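# Descriptive analysis of the structure
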Amino acid sequence: MPEGDTVLQTATRLHEALAGQVLTRSDLRVPRFATADLTGRTVLDVTARGKHLLTRIEGGLTLHSHLRMDGSWRVYAPDERWRGGPGHQIRAILGTTEHTAVGYRLPVLELLRTSEESRAVGHLGPDLLGPDWDPGLALDRLLAAPERPLGEALLDQRNLAGIGNVYKCELCFLARVTPWLPVGALPDGVLLRLVTLAERLLHANRDRPTRTTTITSELRTPPAPPDPSAPSAPSTHPIRAAVRVQERLYVYGRARRPCPRCGAPIRLADQDDRPTYWCPGCQSGPTP
């Protein structure tokens, strides 16, 4: 599932393959831009902005794409077989003498003037992997709607750019709260630590081929025996919660399997039509 880290990896691959090269093939398979011809122009750079990709091209043009759930860009050598999907799923082809970049199942693909990129990405909050990252601004935007469920607020790219559904579930687990807990109900200081941890996790995964969230050294301590008489309450130190690290992810994709912290079966429900995983044993707050 493309999130800020994987989109950055895609941008890096595209940049390495295309930047500084003259396009010898250009094919945009969307009705609005089907007649656009970019051949003969040099690719200047490819940049990730949150979960958006901006391919800047000579002549003041930018090819804007977004992967959403299923999209992908693949890079092939001249004689390499294309393996990203059937031909009817191809939405874009950018070729040079050395490489061909093929965009599959791209739900968003548009050609715009570079000077007008703000039309596509100007609404985004501070980018967790970008030079504009500002945890204070992200915190202010999250707190602007204190009644909003935490999971929804983390996914809103206007608050902070780069978090997708996997990180949403994992961050809520690390905070010991459910994704349905209102932002304003978090204990003092927890939201800032959560935002800081989000930035750390995305940076830790920016070069990893497989996303891993069970990598924070503070989490590698054996779990303390549960106290049945203790009330369930949000932890004020979510990044120091003791868990058994045996998986790449704590809860995402692990429905009905034991929680690595308390052993309770992990549950699955939809939040805004997105599969959402949480532990009913050690994450406090509202549930569906």
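Structure's up top.
Computed from a predicted model, the values in this text were never measured in an experiment.

## Points about the overall build of the protein
A tally of helices and strands in the protein yields six helices and ten strands. Considering the protein as a whole, with its 288 residues, one finds that 51% of them fall into the buried category. By sequence separation, contacts in the protein at least 24 residues apart represent 61% of the contacts at least 6 residues apart. As displayed, the protein offers around 13200 Å² of accessible surface, 50% of which is attributable to carbon and sulfur atoms.

## Observations regarding the sheet that holds strand 2 (residues 43-49)
Taking strand neighbours across the sheet as the criterion, the four strands line up as 2-3-4-8 in an open arrangement whose pairing is antiparallel. The two strands at the open ends of the sheet, each matched to only one other strand, are strand 2 and strand 8 (108-113). The sheet shows a mean angle of 20 degrees between the axes of neighbouring strands, direction not considered. Judged from the six bridges that link them, strand 3 (residues 52-57) and strand 4 (residues 61-66) form a sheet pairing that is antiparallel. Residue His52 lies in a different strand from strand 4, and its bridge partner there is His66. Each of strand 2 and strand 3 touches helix 1 (residues 4-18); the most contacted strand, strand 2, lies at about 175 degrees to it.

## What about the packing of aromatic side chains?
Counting across every chain of the model gives four aromatic pairs. Taking the centre distance of 4.9 Å and the plane angle of 75 degrees together, the rings of Trp180 and Trp278 count as edge-to-face. Taken together, the residues span a long stretch of sequence, with Trp180 in the loop between helix 5 (165-174) and helix 6 (190-205) and Trp278 in strand 10 (residues 274-278) at a distance of 98 residues. Here the two residues Trp180 and Trp278 agree in accessibility, since each one is buried. For Arg261, the ring lying beneath its charged end belongs to Phe173, and the centroid distance is 4.0 Å.

## Some thoughts on the side chain of His66
Relative to the helices and strands, His66 resides in strand 4. We classify His66 as buried; its relative accessible area is 13%. A polar contact is formed between the side chain of His66 and the backbone nitrogen of Arg68, at a distance of 2.9 Å. Setting aside anything within four residues of it in sequence, one finds His66 in contact with Lys51, His52, Leu106, Pro107 and Val108.

## Describing the nonpolar core
The biggest cluster of nonpolar side chains holds 68 residues, and the ones touching the most others in it are Leu63, Trp73, Leu94, Leu150, Ile163 and Leu171. Residue contributions to this core peak at eight residues, all from helix 6. Apart from residues no more than four positions distant in its own chain, Ile163 is found in contact with Glu3, Lys51, Leu128, Leu154, Leu155, Gln157, Lys168, Leu171 and Ala198.

## Concerning the packing of helix 3 (residues 135-143) against helix 6
Orientation of helix 3 relative to helix 6, taken along the N-to-C sense of each, is 125 degrees, at an axis distance of 10 Å. Judged by the angle between their axes, helix 3 and helix 6 are oblique. Of the two possible hands of crossing, helix 3 and helix 6 adopt the one that is right-handed. For the pair helix 3 and helix 6, contact is made by Pro135, Ala138, Leu139, Leu142 and Leu143 and by Leu191, Leu192 and Val195, respectively. Tallied by class, the residues present in the contact of helix 3 with helix 6 amount to eight nonpolar, no polar and no charged.

## Quick word on the pattern of salt bridges
Under the defined criterion, the tally for this structure stands at twelve salt bridges. When the shortest N-O distance is used, the salt bridge between Asp27 and Arg29 registers 2.9 Å. A relative accessible area of 21% places Asp27 in the partly exposed class. The partner of Glu117 in a salt bridge is Arg56, with the nearest N and O atoms 2.7 Å apart. Note that Glu117 is positioned in the loop between strand 8 and helix 2 (118-121) and Arg56 in strand 3, a separation of 61 residues in sequence. Residue class for Glu117 comes out buried when judged on its relative accessible area of 10%. Each of Arg148, Glu152, Asp156 and Arg158 takes part in salt bridges that share partners, so that together they form one network.

Cut-offs and rules
- Residues numbered from 1 in each chain as written.
- Predicted model: local features only at pLDDT ≥ 70, side-chain atom pairs only at ≥ 80, totals over all residues.
- Heavy atoms only, no water.
- Helix = DSSP H or I, 4+ residues; strand = E, 2+ residues; numbered from the N terminus.
- Buried < 20%, exposed > 50% of the residue type's maximum accessible area, 1.4 Å probe, protein only.
- Contact = heavy atoms within 4.5 Å.
- Areas by Shrake-Rupley, 256 points an atom, 1.4 Å probe, with all protein chains shown as cover.
- Pairing = 2+ DSSP bridges.
- Axes fitted to C-alpha atoms, helices over the stretch in contact; angles between N-to-C directions.
- Phe/Tyr/Trp six-rings, centres within 6.5 Å; stacked < 30°, edge-to-face > 60°.
- Lys NZ or Arg CZ within 6 Å of the ring centre and 35° of its normal.
- Polar contact = N/O pair within 3.5 Å; in protein donor to acceptor, adjacent residues only side chain to side chain.
- Core = buried A, V, L, I, M, F, W, Y, C linked by side-chain atoms within 4.5 Å.
- Parallel < 35°, antiparallel > 145°, perpendicular 65-115°, else oblique.
- Left-handed = near helix turned anticlockwise from the far one by under 90°.
- Nonpolar A, V, L, I, M, F, W, Y, C, P; charged D, E, K, R; others polar.
- Salt bridge = Lys/Arg side-chain N within 4 Å of Asp/Glu carboxyl O.

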